[in-house]
Amino acid sequence: MTHENNPKGESENYEWVDKYGDYSQVPVPPGNERSLLNLFYVYTGVLASFAVIMASGALAPRYSLPDLIIVSVVGSVILAVVGAFTAYIGSVSKGSTYLNMRYPFGRLGSQLFGALSSGIASGIGWFGFQAWFFGVIMNTLFPGQWWSHPGVASLWGGVLMVATAYFGYKGLSYLSYIVVPFFLILASVGFMFGFEEMGFSELWHLTPEDPAPLSLGITEVIGMYISGAIITSDIARYAKKHWHGSFAWALQVAILQPFLLVGAGILTIATGEPDIAAALLAAGAGLGAFLVIVLAQWSTNDNNLYVGSLAFNTFIPLKKKYIVVGEGIIGIALAASVGFIAGVTMDPFTEFLGLLGQILPPIGGVLIADFFIYRALKGIDIKERYDFEVGMEIPWVNWAGWLSVFGGIAVAFLLDWGIAAINGLVVGVVLYAVITTVCEMMDIDINLGKTKIGRDGM
Amino acid sequence: MNNVKIRKYLRQVNATFFGLAIILLVFAAYSWQEFVFTGVLYALIGGVQALISGLALFRLPSSDGDIKNIGKVGIQHSWTITSVGLAAAAIFPAPFFDIGVPLMTYGAITIALVYMILGAFTLYKTRKETGQFLSI
């Protein structure tokens, strides 16, 4: 049988119908996978953003250069390990994070947790914030122009971001191919200006006035991208080989993130500002500064819409591209309305989004525990653990998963020790592993209610 | 166009890209002494483009194989060449990197534009002739 959305027609057994587009609710069919390089570029497209650069601007003044390197590398390696686990799940199942969540949370759990953590938080909230932030940076670097007014810039910037997300994974890929090498080259050039201001030896031996402990910096590095590490399946589902998603994720986050953090850190220490766009502008590269802002924000923010639409699509039976447009309209309206009111900050809003994002690490922990521990103990082969089939029964609710997530969230919020996101993740893993093992031994069903998956994946 | 022709085109275009990269590396060597940042920039762009185009020449499968495999290599490398070309075109004209030799500055900008335009055209042509996805 040739699948209607599989132009290569290489699949003999693919029985799904991709009703909503971009394989949003169904596994990615054989013949539609992408190369390792493609996955690497799409992941890096998300990473290549001003948020990473600005984060280093906050880190750098509190550490010496050797300590900044340690903080960046250790934090990034931990993120690489966590994301590699979740990416592997997507590479095997060929489903998005929210499809995979049907196993450890049931259909209702995947809809609720997906909508809260990725739909509302990423698809609307962070998208709106990043569009607004885009307008603010434009206005700072190119003041006095009508097109760089925060409100106007967030409008046209937001429309660009919706445009690629509208075309789904294909759109993200095209943009990432253009943005990633471009961004890395221009970021390197921007970082050069740090060395122009201060020599390497001087930078290396500089000590901060008020140094912070290494653990705090590692916590911040992990905290700024742990949400991305949990939803790596959204990209890894396109992997040709099972290890490709994990490898592509780990490679970009373990190598490129420290490069960006340390480079921006050097620029901050030397000039007092981490802003590579400002450095490029000062060097007379106005076009470079402009393109860096546009492309970096664009390739990050279209991913916010993308993952948000995947999550919303689990319970909104519309073509995914229409959900992208809907999210985009709400997010742009939010960004522009704030942008047009001078002096307004989005801090309270980002705190709310940060709180929503706190539920992702325990969700990731439960997913990892369900796939790598619970189903391994049941003796299920790793390639068949998340095997979606038309007509298969899934629970409405897997109460063990819900309980473990609530436990993880509680610990992440209440425990004043270590790294909140990692605490939530570890508690999610441990609680789920313990509860499911005990239930298995006592023959207690962890699932409530049953529903069938149709050919369209709903 | 059959396998032989598209493969020949990709070999020629990547050889051209490689040659242009060598010119940038020569520019880098010339400017390094007095203008170290300009030298580093030319070396960075020239080095990356030499690596990408050189690798493409090695990776291109033989012409008796699947045409899509030829397209895959052509498209992957052309994306990077085009993107780095865009970065070069955006940064080369900056006064900070001016070394007071107009021939070299305009030469470097021209090379950047060639990377950008010919890279984009190669993407289009390879997609059209091989039927390979652009988001490979």
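Look up: the structure comes first, before these words.
For every chain, the first residue of its written sequence is number 1, and the numbers climb from 1 along that sequence. Working convention: letters from A go to chains and numbers from 1 go to ligands, in the order in which they are written. At least 70 in pLDDT is required for a residue's local features to be given in this predicted model, at least 80 for side-chain atom pairs to be given and counted, and no such filter applies to totals for whole chains, interfaces and linings, which use all residues. Only hydrogens and water are set aside; all other atoms, that is, all heavy atoms of the structure, feed into the side-chain values.

(A) Main features of the overall build of chain B. Looking only at helices and strands, chain B has 4 helices and 0 strands in total. Just to be clear, the radius of gyration here is over C-alpha atoms, and the globule rule we use is 2.2 Å times residues to the power 0.38. Its C-alpha atoms give chain B a radius of gyration of 16 Å, near enough to 14 Å, the size a compact globule of 136 residues would have. With the C-alpha coordinates of chain B rotated into their principal frame, the extents come out at 50 × 20 × 20 Å. For this analysis, residues touch if any pair of their heavy atoms sits within 4.5 Å. Here the contacts in chain B between residues at least 6 apart in sequence split such that 76% fall between residues at least 24 apart. Values of accessible area rely on a 1.4 Å probe in the Shrake-Rupley scheme; residue burial ignores everything except the protein chains shown. Total accessible area on chain B is roughly 6000 Å²; 67% of this is exposed by carbon and sulfur atoms. Positive charge is attributed to Lys and Arg, negative charge to Asp and Glu, and no charge count is given to His or to the chain ends. For charged residues, the charge sits on one atom: NZ in Lys, CZ in Arg, CG in Asp, CD in Glu. Taking the 10 positively charged and 5 negatively charged side chains of chain B as two groups, their mean positions are separated by 13 Å. Under the DSSP-based scheme used, a helix requires at least four consecutive residues in state H or I and a strand at least two consecutive residues in state E, with every element numbered from the N terminus.

(B) Local environment of the interface of chain A and chain B. Each partner contributes to the interface: chain A provides 34 residues, whereas chain B provides 26 residues. Summed over both partners, the accessible area lost on bringing two parts together, with a 1.4 Å probe, is the buried area. Summing both partners gives a buried area of about 2500 Å² for chain A against chain B, and 77% of it is carried by carbon and sulfur. Looking only at chain A, the three residues that lose the most surface to chain B are Tyr177, Ile185 and Met192 of chain A, adding up to 24% of its buried area. Definition used for salt bridges: Asp or Glu carboxyl oxygen within 4 Å of a side-chain nitrogen of Lys or Arg. Our count for the chain A to chain B interface comes out at 0 salt bridges. Counting of polar contacts relies on pairs of N or O atoms within 3.5 Å, with two restrictions inside protein: one atom must be capable of donating a hydrogen and the other of accepting it, and residues adjacent in sequence are counted only when both atoms are side-chain atoms. Counting across the interface, chain A meets chain B through 4 residue pairs in polar contact (both at pLDDT 80 or more). Those elements that provide at least two residues to the side of chain A that touches chain B are helix H1 (36-47), helix H7 (168-197) and helix H14 (286-312) of chain A. In terms of residues, the side of chain A that touches chain B owes the most to one element, H7 of chain A, which gives 16 residues.

(C) Structural context of the packing of aromatic side chains. Ring geometry is summarised as follows: Phe, Tyr and Trp rings, the Trp one being its six-membered ring, pair when their centres sit within 6.5 Å, and such pairs are stacked at plane angles under 30 degrees, edge-to-face over 60 and tilted between the two. By the definition in use, this model includes 38 aromatic pairs over all chains. Between the aromatic rings of Tyr103 of chain A and Phe388 of chain A, the centroid separation amounts to 5.3 Å while the plane-to-plane angle is 55°, which identifies the pairing as tilted. Here the residue Tyr103 of chain A occupies a position in helix H5 (residues 102-141), and Phe388 of chain A occupies one in the loop between helix H17 (360-377) and strand E1 (393-398), the gap between them amounting to 285 residues. Remark: exposure states derive from per-residue accessible area (1.4 Å probe, protein chains only) relative to the maximum for the residue type, with buried under 20%, exposed over 50%, and partly exposed in between. The class of Tyr103 of chain A is buried, set by a relative accessible area of 13%. The buried category is assigned to Phe388 of chain A, whose relative accessible area is 8%. With 5.0 Å between their ring centres and 85° between their planes, Phe96 of chain B and Phe97 of chain B make a pair best called edge-to-face. By relative accessible area, which is 25% here, Phe96 of chain B ends up partly exposed. Under the relative-accessibility criterion, Phe97 of chain B is labelled buried at 1%. Pairwise contacts between aromatic rings join Phe85, Tyr88, Tyr103, Phe371, Phe372, Tyr386 and Phe388 of chain A into one cluster. The side chain of Arg34 of chain A reaches across the aromatic face of Phe133 of chain B, ending 5.1 Å from its centre. Any Lys NZ or Arg CZ that is within 6 Å of a ring centre and within 35 degrees of that ring's normal is treated as a charge sitting over the ring. In this structure, Arg385 of chain A is placed above the aromatic ring of Phe371 of chain A, and the distance from its NZ or CZ to the ring centre is 5.6 Å.

(D) Looking closely at the pattern of salt bridges. All names here are of chain A. All chains considered together, the criterion is met by 5 salt bridges over all chains. One salt bridge in this structure joins Asp22 and Lys320, with 3.2 Å as the shortest N-O distance. With Asp22 in the segment before H1 and Lys320 in helix H15 (residues 320-340), this pair connects stretches of sequence that are 298 residues apart. Between Arg375 and Asp370 there is a salt bridge, with the nearest N and O atoms lying 2.8 Å from each other. Per residue, the accessibility class of Arg375 equals that of Asp370, and both read buried.

(E) Just the nonpolar core, in detail. Counting residues in each nonpolar core, the largest one holds 184 residues, and the members touching the most others are Phe183 of chain A together with Phe92 of chain B. Those residues in contact with Phe183 of chain A that sit more than four places away from it in its chain are Ala48, Ser49, Ile53, Leu260, Ile276, Val292 and Ala296 of chain A. In plain words, nonpolar cores are sets of buried Ala, Val, Leu, Ile, Met, Phe, Trp, Tyr and Cys residues tied together by side-chain atoms within 4.5 Å.

(F) How the structure looks around helix H9 (residues 214-223) of chain A. Residue and element names in this part refer to chain A. Of all the residues in H9, the buried ones are Gly217, Ile218, Val221 and Ile222. On an axial view of H9, the arc spanned by its buried residues comes to 135°, and they lie on one face. Tucked into the core, H9 has its buried residues touching helix H2 (50-59), helix H3 (65-93), helix H10 (226-230), helix H12 (242-271) and helix H19 (420-442). This arc is built from the directions going out from the helix axis to the C-beta atoms.

(G) Spotlight on the packing of helix H1 (residues 3-32) of chain B against helix H2 (residues 36-59) of chain B. All names here are of chain B. Comment: axis = line fitted to C-alpha atoms, over the contacting stretch for helices; angle = value between 0 and 180 degrees taken between N-to-C directions. Look at H1 against H2: their axes get within 7 Å of each other, and the N-to-C directions meet at 160°. As judged from the angle between their axes, H1 and H2 are roughly antiparallel. Between H1 and H2 the crossing geometry is left-handed. Residue classes in the contact of H1 with H2 are distributed as 17 nonpolar, 9 polar and 1 charged. If an angle is under 35 degrees, it is roughly parallel; if it is over 145, roughly antiparallel; if it lies from 65 to 115, roughly perpendicular; otherwise it is oblique. A clockwise turn of the near helix away from the far one marks a right-handed crossing, whereas an anticlockwise turn of less than a right angle marks a left-handed crossing. Three categories are distinguished: nonpolar for Ala, Val, Leu, Ile, Met, Phe, Trp, Tyr, Cys and Pro, charged for Asp, Glu, Lys and Arg, and polar for the others, with Gly belonging to the last.

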